[in-house]
Amino acid sequence: MIDKNLVIIGGGPAGLAAAKSAYDSGERDIVILERESVLGGILNQCIHNGFGLHTFKEELTGPEYAARYVEQVEERKIEYKLETTVLGVNADKVVTAVNETDGLVKYRAKAVILACGCRERPRGGINVAGSRCAGIFSAGTAQKLINIDGYMPGKEIVILGSGDIGLIMARRMTFEGAKVKAVVELMPYSSGLNRNIVQCIKDFDIPLLFSHTVVDIRGEGRVSGVVIAAVDDKLQPIMSTAQEITCDTILLSIGLLPENELAKSATVKLSPITGGATVDENMMTSVDGIFECGNVLHVHDLVDFVSKESEEAGRSAARYIKENRADRDYVEAVGCEGVRYVVPQYVSKNTQSEQIQLKMRVSNVFKNVRLVGLIDGKEIFSKKKQIVTPGEMETVTLNKAQIDEIRKGKRLEVTLKGE
């Protein structure tokens, strides 16, 4: 058993930002456990630009953004272990890990930060009919094949789902000479950023079919085509609209799921809406001393927001190690009437924070609305928005006066109201 003050699980953007922040807050006894052979996480395969505008005030590629944080971690001489798989975490903050060099290792931590990221929803998660033929990839797998391994998944592509990875891969496949025949989206709106719809789809005249889905996959041995159909207002296929599109490859961009198996092993309470832990303004979960941040907490649209949230988790973990106490006198924060969820889900009545950022996603596309915060029915903030969409995370930063109002109440509701 190795005693360690802070164990961070995951060496992607969330884990790196949390480690840097914890170190800068005075904590020195830190180890990062990363299962891949290099730090940086998913950013290493995201070779497109668009990262870092908030954090570094310049546009970077994914590997460049990751490298900035890796450099900061190495400058601080923060310990990290690569090719190390974490097998389990329990409620006593004992972390069990294994690697080729050390074998099976147990760390007894004073605090743990879960920064495990998320995974893609597989084909089995949506029950598409058809054979188990070759040529069906998740969009992220295809991205790794092209950008890291140097393999081309196919030449004629249909993409199911309009998440950001799917939109980006539509452009990437086009750059590599493939023909993207359609991006098919079940909902009447995209789950990706508007800038990706413009830059990756419209700029390349790629058909984007809303309110459509794949009802059959054709092919023996290799995909030969897909059958798509429009859906009704209950999202059920209208078979009279069915049409076949020939293709040799299908990319799935049908959602991301927080990787929370370790949180479950530690008996951390999870949100049924986000799939991540329920946390307070310090990013602490329902288990004292276990924190969560980044895409394992809830799926973000920008890595800059991941870094900011994770830095808060690092500061809070360092403070918890020093004080060894958790405040559980909470005000609950919930989303209502068009707001699917709010993170954090709890605000401490004794919080010392001067600012708290609330992050949320809406359930549909709404125009000319206000994001309104109500504490026991009393309005404490209102933010006008010309348009809100499920694909873009909304944020509201609370000031000290608003936090003081929350501390007096019992329940914070964030809702949408028309102008």
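Before reading on, note that the structure itself is shown above.
Heads up: these notes are all about the structure in this document.

Reading guide: rules and limits
Residues numbered from 1 in each chain as written. Predicted model: local features only at pLDDT ≥ 70, side-chain atom pairs only at ≥ 80, totals over all residues. Heavy atoms only, no water. Salt bridge = Lys/Arg side-chain N within 4 Å of Asp/Glu carboxyl O. Helix = DSSP H or I, 4+ residues; strand = E, 2+ residues; numbered from the N terminus. Buried < 20%, exposed > 50% of the residue type's maximum accessible area, 1.4 Å probe, protein only. Pairing = 2+ DSSP bridges. Axes fitted to C-alpha atoms, helices over the stretch in contact; angles between N-to-C directions. Core = buried A, V, L, I, M, F, W, Y, C linked by side-chain atoms within 4.5 Å. Contact = heavy atoms within 4.5 Å. Arc of directions from axis to C-beta. Polar contact = N/O pair within 3.5 Å; in protein donor to acceptor, adjacent residues only side chain to side chain.

## Brief notes about the pattern of salt bridges
- Evaluation of the coordinates by the stated rule reveals 25 salt bridges.
- We note a salt bridge from Arg 108 to Asp 3, for which the minimum N-O separation is 2.7 Å. On the criterion of sequence distance, the pair formed by Arg 108 in strand β6 (residues 103–114) and Asp 3 in strand β1 (residues 2–9) is long-range, its members being 105 residues apart.
- In this structure Arg 108 comes out as partly exposed when scored by relative accessible area, which is 42%.
- One salt bridge connects Arg 218 with Glu 244, and the closest N-O pair in it is separated by 3.0 Å. With a gap of 26 residues between them, Arg 218 in strand β12 (residues 212–218) and Glu 244 in strand β14 (residues 243–246) connect regions that are remote in the sequence.
- Given the relative accessible area of 45%, Glu 244 is considered partly exposed.

## Section: the pairing of strand β21 (residues 356–362)
- Among the seven residues that make up β21, six are buried, leaving the element largely enclosed by the rest of the structure.
- Pairing between strand β19 (residues 339–343) and β21: four bridges, direction antiparallel. The residue bridging Val 342 from the neighbouring strand is Met 360, located in β21.
- Of the pairings in the sheet, the one linking β21 to strand β24 (residues 394–398) comprises five bridges and is antiparallel in character.

## Some remarks on the sheet that holds strand β13 (residues 225–230)
- Taken in spatial order, the three strands make up an open sheet running β12-β13-β14, and their pairing is antiparallel. Of all the strands in the sheet, just β12 and β14 have a single pairing partner and so form its edges. For this sheet the average axis-to-axis angle between neighbouring strands, irrespective of direction, equals 30°.

## Thoughts on the nonpolar core
- Core analysis: the biggest nonpolar cluster contains 59 residues, and Leu 6, Ile 9 and Val 95 have the highest contact counts within it.
- Look past the residues within four positions of Val 95 in its chain and what remains in contact with it is Val 7, Ile 9, Leu 33, Val 86, Gly 88, Val 89, Val 105, Lys 106, Tyr 107 and Val 112.
- Ala 333, Val 362, Val 396 and Ile 403 belong to the second-largest nonpolar core, a separate cluster that totals 22 residues.

## Description of helix α8 (residues 400–408)
- Taken residue by residue, α8 has Gln 402, Ile 403 and Ile 406 as its buried positions. Seen end-on, α8 carries its buried residues on one side only, within an arc spanning 100°. Looking at α8, the residues exposed on the side facing more than 90 degrees away from the buried face are Ala 401 and Lys 408.
- Between the side-chain oxygen at the start of α8 and the backbone nitrogen of Ala 401 there is a gap of 3.2 Å, and the oxygen is on Asn 399.

## Regarding the environment of Ala 313
- By secondary structure assignment, the location of Ala 313 is in helix α7 (residues 303–323).
- Of the residues examined, Ala 313 reaches a relative accessible area of 0% and is grouped as buried.
- With 291 residues separating them along the chain, Ala 313 and Ala 22 place their C-alpha atoms 8.1 Å apart.
- Setting aside residues no more than four positions away along its own chain, Ala 313 makes contact with Ile 113, Asn 282, Met 283, Phe 291 and Cys 293.

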